[in-house]
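# Report on the structure
The primary structure of each chain is shown beneath.
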Amino acid sequence: ASVALVAVLALAHAARTPPSARSRLAAMDRDALIDLALRSQWAEIEPVQDGYWWHYPHSDCDHDDVPGSCEGKSVDECKTLCENTPRCGGFNFPHGYLKKVDCLANRAPSPVVDLYLLESTPQPNPALPVWPVPRTATNGTAVVEVAATIALTADSTVNADIAAAFARFSLRTFPHKESRSGALALISLTVGAPASELQLGVDESYGLQIPQDGSTIVIRAPTQFGAYHALETLSQLIVFHFNTQVYEIASAPWLINDAPRFPHRELLVDSSRHFLPVPVLFQTIDAMTYAKLNTVHWHLVDSQAFPFVPPSMPALGLQGSFSSQERYSIQDVEDVVEYGRQRGVRIMVEIDTPGHAAAWCNARPDICPSATCQQPLNPATNATFNVIDTVFGDLTGRKRGAGPVFDNMLHLGGDEVDTS
């Protein structure tokens, strides 16, 4: 009897029977277990119908078939047939070949079928393919194809900035030629205030709905900056499959509602110590949008260099830069600020004062304590404050929300002021 019990339980484990089957075995008495063990085929055990169906898109396990086929039937009909077929652990679809219970160990990519497997535990949710993780997200199990020619609906909110953002989304999301056009071909985009000013605390929230029936994707956002984030999230969900040459979104339908946890999410860029050309700054801003960072902390001036050429005091930059080619004109600064604005990235400039200011002394030795003590800037002369006021005025326009750098925050540094 002990041998019989061990044999039966071993078979149950090997077959990955659902929980109810193991419960039935545990509830059997000695004579019933012996009778069961003496049967010539494990297949004589009555099939059970509870368990969990796992879905693997574009997958199959070749040569792991059992007799029977559900070709031409629906997914639900195939599931029912498998649940009532001895030794069936799943099937591929739409071909309908029934698979053995050990099929999962041999799973491999397939361009033509999906794999459905019957398991004893729920299928784990895949890692959410969006970064950063949205505030809330729910999804299903369907796979929907997306047209590379996806377009905004006629009633969508569109201005020049949103049109440019959508063009960038299309360019980076659909780099490959598709073999056929997917069902998802339209996006309805509604923005409450599409010309909002980019400042600290602006609303960047959004809602994103992706259907599984091929109808319209819906994006709702209070500002254009939330819409930019929604398009970034959508681009991360769209994947190109080289086997089938189509764009797809897995785990549809999706319902995502998102807003940033922190209003200020910065990357510090120090071009006073390591000069970065304007095109590199543009590339940096582009990269930041992929992670929904929203602020460049531009460390523009420090002891090592003064690469900015202020229009009212150009000598500071002409004599304080690393070289004649490592400088930023006021137009360069305006271009970086505007490039960021169009992508929802603030540019917060830092002019480090009164310490870390040795580079000022190249053009204005009169505002430094001495030739051998070049920092901090000398507070004992009004010339120091006049120079600082001029530089800040060139950048800010002396008015909140104005000037080449229109952000309401200007970083003054203030660190490591050695007064000894």
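Above this text you will find the structure in question.
Calculation rules
Residues numbered from 1 in each chain as written. Predicted model: local features only at pLDDT ≥ 70, side-chain atom pairs only at ≥ 80, totals over all residues. Heavy atoms only, no water. Phe/Tyr/Trp six-rings, centres within 6.5 Å; stacked < 30°, edge-to-face > 60°. Buried < 20%, exposed > 50% of the residue type's maximum accessible area, 1.4 Å probe, protein only. Helix = DSSP H or I, 4+ residues; strand = E, 2+ residues; numbered from the N terminus. Pairing = 2+ DSSP bridges. Axes fitted to C-alpha atoms, helices over the stretch in contact; angles between N-to-C directions. Parallel < 35°, antiparallel > 145°, perpendicular 65-115°, else oblique. Contact = heavy atoms within 4.5 Å. Nonpolar A, V, L, I, M, F, W, Y, C, P; charged D, E, K, R; others polar. 1 Å grid on protein atoms, 1.4 Å probe; cavity = no way out; pocket = protein on both sides within 12 Å on 5 of 7 lines; lining within 4 Å. Points joined across faces, edges and corners; volume = space filled by probe spheres on them. Core = buried A, V, L, I, M, F, W, Y, C linked by side-chain atoms within 4.5 Å. Disulfide = S-S within 2.5 Å. Expected span 1.5 Å × (residues − 1). Arc of directions from axis to C-beta. Salt bridge = Lys/Arg side-chain N within 4 Å of Asp/Glu carboxyl O.

The tally for this structure, following the rule as stated, stands at 14 aromatic pairs. Centre to centre, the rings of Trp54 and Tyr56 are 6.4 Å apart; their planes meet at 50 degrees, and the pair counts as tilted. Neither Trp54 nor Tyr56 differs from the other in exposure class; each is buried. On the basis of an interplanar angle of 40 degrees and a centroid distance of 5.5 Å, the ring pair of Phe166 and Phe169 is categorised as tilted. Highlighted residues: Phe166 and Phe169, both in helix H5 (residues 160–173), separated by 3 residues, approximately one helical turn. For Phe166, a relative accessible area of 11% corresponds to the buried category.

Below, the discussion takes up the sheet that holds strand E1 (residues 52–56). If you walk across this open sheet you meet the 5 strands as E1-E7-E4-E5-E3, and the pairing is antiparallel. The open sheet has two edge strands, E1 and strand E3 (65–69), and neither has a second partner. Strand-to-strand twist in this sheet, taken as the mean axis angle between neighbours without regard to direction, amounts to 30 degrees. The pairing of strand E4 (residues 90–93) with strand E5 (residues 97–99) spans 2 bridges and is classified as antiparallel. What sits directly across from Phe91, in E5, is Leu98.

Looking now at unusual backbone geometry. Following Ala252, the chain continues into Pro253 via a peptide bond in cis, with omega recorded as 0 degrees. Looking at the element boundaries, Pro253 is found in strand E13 (residues 246–258). Cis geometry marks the peptide bond from Thr353 to Pro354, where omega comes out at -10 degrees. Among the structural elements, Pro354 can be located in the loop between strand E16 (346–353) and helix H10 (382–396).

Here the focus is the sheet that holds strand E15 (residues 295–301). Hydrogen bonds between backbone atoms are what pair the strands of a sheet, whose relative direction is either parallel or antiparallel. Taken together, the 4 strands give an open sheet; going across it, the order is E14-E15-E16-E17, and neighbouring strands pair in parallel fashion. Each having just a single partner strand, strand E14 (266–270) and strand E17 (411–413) make up the two edges of the open sheet. This sheet shows a mean twist of 25 degrees between the axes of neighbouring strands, independent of strand direction. Two elements, E15 and E16, share 6 bridges in a ladder whose sense is parallel.

Bringing the packing of H5 against helix H6 (residues 224–237) into the picture now. The interhelical angle for the contact between H5 and H6, taken along N-to-C directions, is 10 degrees, at an axis separation of 10 Å. By the criterion of interaxial angle, the relationship of H5 to H6 is roughly parallel. From H5, Asp161, Ile162, Ala165, Phe166, Phe169, Arg172 and Thr173 reach across to H6, where they touch Gln224, Tyr228, Leu231, Glu232, Leu234 and Ser235. Split into classes, the residues belonging to the contact of H5 with H6 amount to 7 nonpolar, 3 polar and 3 charged.

Turning our eyes to something else, we now look at empty space enclosed by the protein. One pass over the full model with this rule turns up 1 cavity of 30 Å³ or more. Forming the boundary of the largest cavity are Leu281, Thr284, Ile285, Val296, Trp298, Val336 and Ile347. When contributions to the lining of the largest cavity are tallied by element, the ones reaching two or more residues are helix H7 (278–290) and E15. By residue number, the principal contributor to the lining of the largest cavity is H7, which donates 3 residues. The class makeup of the residues in the lining of the largest cavity is 6 nonpolar, 1 polar and no charged.

Core analysis: the largest hydrophobic core is formed by 76 residues, its most contacted members being Ile249, Trp298 and Trp360. Of the residues forming this core, the biggest block, 7 residues, is contributed by H6. Look past the residues within four positions of Trp298 in its chain and what remains in contact with it is Val269, Ser271, Leu281, Tyr328, Val333, Val336, Ile347, Met348, Val349 and Glu350. Val66, Cys82, Phe91 and Leu98 belong to the second-largest nonpolar core, a separate cluster that totals 10 residues.

Between two cysteines, a covalent bond joining their sulfur atoms is known as a disulfide. What the rule picks out here adds up to 4 disulfides. A sulfur-sulfur distance of 2.1 Å marks the disulfide that ties Cys70 to Cys78. With the S-S dihedral at roughly 100 degrees, the linkage between Cys70 and Cys78 falls on the right-handed side. Judged by its relative accessible area of 1%, Cys70 is buried. Taking relative accessible area as the criterion, Cys78 reaches 0% and is therefore assigned buried. Disulfide pairing places Cys361 opposite Cys368 at an S-S distance of 1.7 Å. Around the S-S axis, the bridge from Cys361 to Cys368 shows a dihedral of about -100 degrees and counts as left-handed.

Before going further, it helps to spend a moment on H7. For H7, with 13 residues, the first-to-last C-alpha span of 19 Å sits near the 18 Å given by 1.5 Å per residue. Burial in H7 covers these residues: Val278, Leu281, Thr284, Ile285, Met288 and Thr289. Buried residues of H7, viewed axially, fall in a sector of 140 degrees; they line one side. Among the exposed residues of H7, those pointing more than 90 degrees away from its buried face are Pro279 and Gln283. Elements that come into contact with the buried residues of H7 comprise H6, E14, E15, helix H9 (330–341) and E16. The first or second residue beyond H7 is Lys292, which carries a positive phi of 60 degrees.

What follows concerns the pattern of salt bridges. If charged atoms from side chains of opposite charge come close, those side chains can pair. The final tally for this structure, using the stated rule, is 13 salt bridges. A salt bridge links Arg398 to Asp389; the nearest nitrogen and oxygen atoms lie 2.9 Å apart. Asp389 gets classed as partly exposed once you look at its relative accessible area, which sits at 41%. Each of Asp60, Asp65 and Lys99 takes part in a single network of salt bridges with overlapping partners.

Geometric values such as these leave the question of function open.
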